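Chain by chain, the residues:
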Amino acid sequence: MTTLTLFNPIEKHRVTPTQPCGNGPDLDVERCAAMHNTLLLYGWICSGKGIPDMQKKSWWGRHGTAELKALLRPSLAKYLTKIFDVPGHNFFYHISGLASRQDMLELGERLKDDERQPLREEKHRYLVLYSTPKEHVSHPAGIVYDQETNKAILMPTYNHLFDFKNPHLPWQSLETMLSAYIDMVEAEKVVAIHDGVVEVSGLSINMGADRIANSMRPWVMQSYTRGDLERCLDVWNRLVAALETRSGVVKSDEEESKEPDPLCSRTALNVAGVSPGFAYDLLARAQYSQVWFIAPGIRLPKVEEFLNQPFKHIAKAYPKETANMKMPFLFLRVPGEVSASDAKFRYPFSTVESVPCGLYLDAFPNAQNPFEDACRLVLPIKLGSNKYARTSDFRPIRKSHSDLYQVEINPFVMRHGPKLLAILENWLENIESGHWAVNERGVEGGIGAWRQADTREMWWRYQSKHLFV
């Protein structure tokens, strides 16, 4: 079944640039219910089950009580009467399903009185509406819904309880969150598969039995898609073209007519033991540039530097801890070194005494959260002393080598760092706007230019777009 078959009828409900989320005083019940039920039905059918086999009972029909109704806003109670709740079926990859009555109210029991606004009657202002899969985290929480503002946010686990007083939390409308999940399905970022499938092929990225075993059946998440790669390559090529035009690079007719050389040949990548994936495909296809500096102080590496990766020994030293993980891959070089812990790499990569600075394709933490296009920029200088530097979700950076461009809280999914695409777009914008000057060697300014990210006048120029998923 194609996604169009089921998703076309709810096109008018999805949040898009031309169909923004509502700003009314209540939850948009009809809009959200249409998306919830359609996404649930899509996963059910793709798993190979028939519609007559589904127990079409609403959440309220299973769990609703008069006592609970007294705690809920009328629009939320109405929503729960209109959406299907199917026990044993995973609603989505990042969300196992609607929370039980007990799980829904647990957050209110955990919050201290001084964390509520403003009276004790607001004990259940914040509810866990959808649950995080227990396969993904310990002490799962889920999508928290604020009954006062009708906004929602994913808080994956009670181990990291959010500060709900913080005005900078990236709350979203519920229809925005449901739309984002459907967008992920259409982009094949998350795929629903048949219950009988043990290996997936024919998608944009093939997946073996090891990935299928770690899935949230019927849902499997791809670590990246062909769309992710093609968009990244397009921006990279535009970045190279902008640099070469401004640096005065003149190519002969022969050079113009032939296919440009890649950053690294497949032969060299294979010899170096670079495993298939986003980094491999990027290096094998991204255009090499005659210009050296891609951003201030950030340069293209030599082939031998691509092959000499600082974390390549970690998998052998820590085989159990790195099972189903990708190592951080050093893509672009910056002079200087810092400790891996100061660069905020995850364990066991944090055990490395010192690592080169540069732009890394970051490790994903486990098989449940595979994002191969996530990045980490490690600078030899610390930002944040002036209190103007910000992460991409506008949180203050506190004297850090590696928090620039990071996203501390992703409101939709777990542990997705900033996408390479978003960072390259920011660099391209700084070049095309003329903020970064370019000479024959590339972008001028050196590492010192990054101190602008911690100034009142320039911090905003070093923000990537909010590409959360």
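The preceding data block contains the structure.
A brief structural summary. (Residues numbered from 1 in each chain as written. Predicted model: local features only at pLDDT ≥ 70, side-chain atom pairs only at ≥ 80, totals over all residues. Heavy atoms only, no water.)

**Section: the overall build of the chain**
Along its length, the chain carries 15 helices and 14 strands. Burial analysis of the chain (469 residues in total) assigns 55% to the buried set. Taking the contacts inside the chain whose residues are at least 6 apart along the sequence as the reference set, 65% of them involve residues at least 24 apart. For the chain, the exposed area adds up to about 21000 Å²; of that, 50% sits on carbon and sulfur atoms. (Helix = DSSP H or I, 4+ residues; strand = E, 2+ residues; numbered from the N terminus. Buried < 20%, exposed > 50% of the residue type's maximum accessible area, 1.4 Å probe, protein only. Contact = heavy atoms within 4.5 Å. Areas by Shrake-Rupley, 256 points an atom, 1.4 Å probe, with all protein chains shown as cover.)

**Focus: the environment of Arg 31**
One can find Arg 31 in helix α2 (residues 29-46). Contacts of Arg 31, omitting those with residues within four sequence positions, involve His 13, Arg 14, Val 15, Gln 19, Pro 20, Cys 21, Gly 22 and Glu 175. Within polar-contact distance, the side chain of Arg 31 engages the backbone oxygen of Gln 19 at 3.1 Å. (Polar contact = N/O pair within 3.5 Å; in protein donor to acceptor, adjacent residues only side chain to side chain.)

**Re the packing of α2 against helix α7 (residues 174-186)**
Between α2 and α7, the least distance of the axes is 9 Å, while the angle of their chain directions is 30°. When the axis of α2 is compared with that of α7, the two are roughly parallel. For the element pair α2 and α7, the recorded crossing hand is left-handed. Residues Arg 31, Cys 32, Met 35, His 36, Leu 39 and Tyr 42 of α2 lie in contact with α7, whose contacting residues are Leu 174, Glu 175, Leu 178, Ser 179, Tyr 181, Ile 182 and Val 185. Residues of the contact of α2 with α7, tallied by class, amount to nine nonpolar, two polar and two charged. (Axes fitted to C-alpha atoms, helices over the stretch in contact; angles between N-to-C directions. Parallel < 35°, antiparallel > 145°, perpendicular 65-115°, else oblique. Left-handed = near helix turned anticlockwise from the far one by under 90°. Nonpolar A, V, L, I, M, F, W, Y, C, P; charged D, E, K, R; others polar.)

**A word on the side chain of Ser 58**
As for its placement among the helices and strands, Ser 58 is situated in the loop between α2 and α3 (59-63). Residue contacts for Ser 58: discarding those within four places in its chain leaves Leu 80, Thr 81, Ile 83, Phe 84 and Asp 85.

**Description of the side chain of Ser 289**
When you line up the elements, Ser 289 lands in the loop between α12 (278-285) and β8 (293-295). Here Glu 244 takes part through its side chain, which lies 3.3 Å from a polar atom of the side chain of Ser 289. In this structure, Ser 289 is in contact with Val 240, Glu 244 and Leu 300, ignoring residues within four places of it in sequence.

**Some thoughts on the sheet that holds strand β4 (residues 151-157)**
In space, the five strands of this open sheet follow the order β1-β2-β3-β4-β5, with antiparallel pairing throughout. Unpaired on one side and paired on the other, β1 (97-98) and β5 (172-173) mark the two borders of the sheet. Here two bridges tie β1 to strand β2 (residues 126-131), and the two strands are oriented antiparallel to one another. Within β2, the residue paired with Gly 97 across the bridge is Ser 131. (Pairing = 2+ DSSP bridges.)

**A word on unusual backbone geometry**
A cis amide bond links Arg 217 with the next residue in sequence, Pro 218, at an omega value of 5°. Relative to the helices and strands, Pro 218 is located in the loop between α8 (209-213) and β7 (219-221). In this structure, the amide linkage connecting Tyr 347 to the following residue, Pro 348, adopts the cis form with an omega of 5°. Topologically, Pro 348 is positioned in the loop between β10 (329-338) and β11 (355-361). Although it is not a glycine, Lys 399 adopts a positive phi angle of roughly 50°. The topology assignment puts Lys 399 in the loop between β12 (375-378) and α15 (420-432). With a relative accessible area of 54%, Lys 399 lands in the exposed category. Even without being a glycine, Tyr 405 presents a positive backbone phi close to 75°. Along the chain, Tyr 405 turns up in the loop between β12 and α15.

**So, the pairing of β11**
Counting buried residues in β11 gives seven out of seven residues, a clear majority hidden from the surface. Pairing of β10 with β11, which is carried by seven bridges, proceeds in the antiparallel orientation. Opposite Phe 329, over in β11, you have Leu 361 as the bridge partner.

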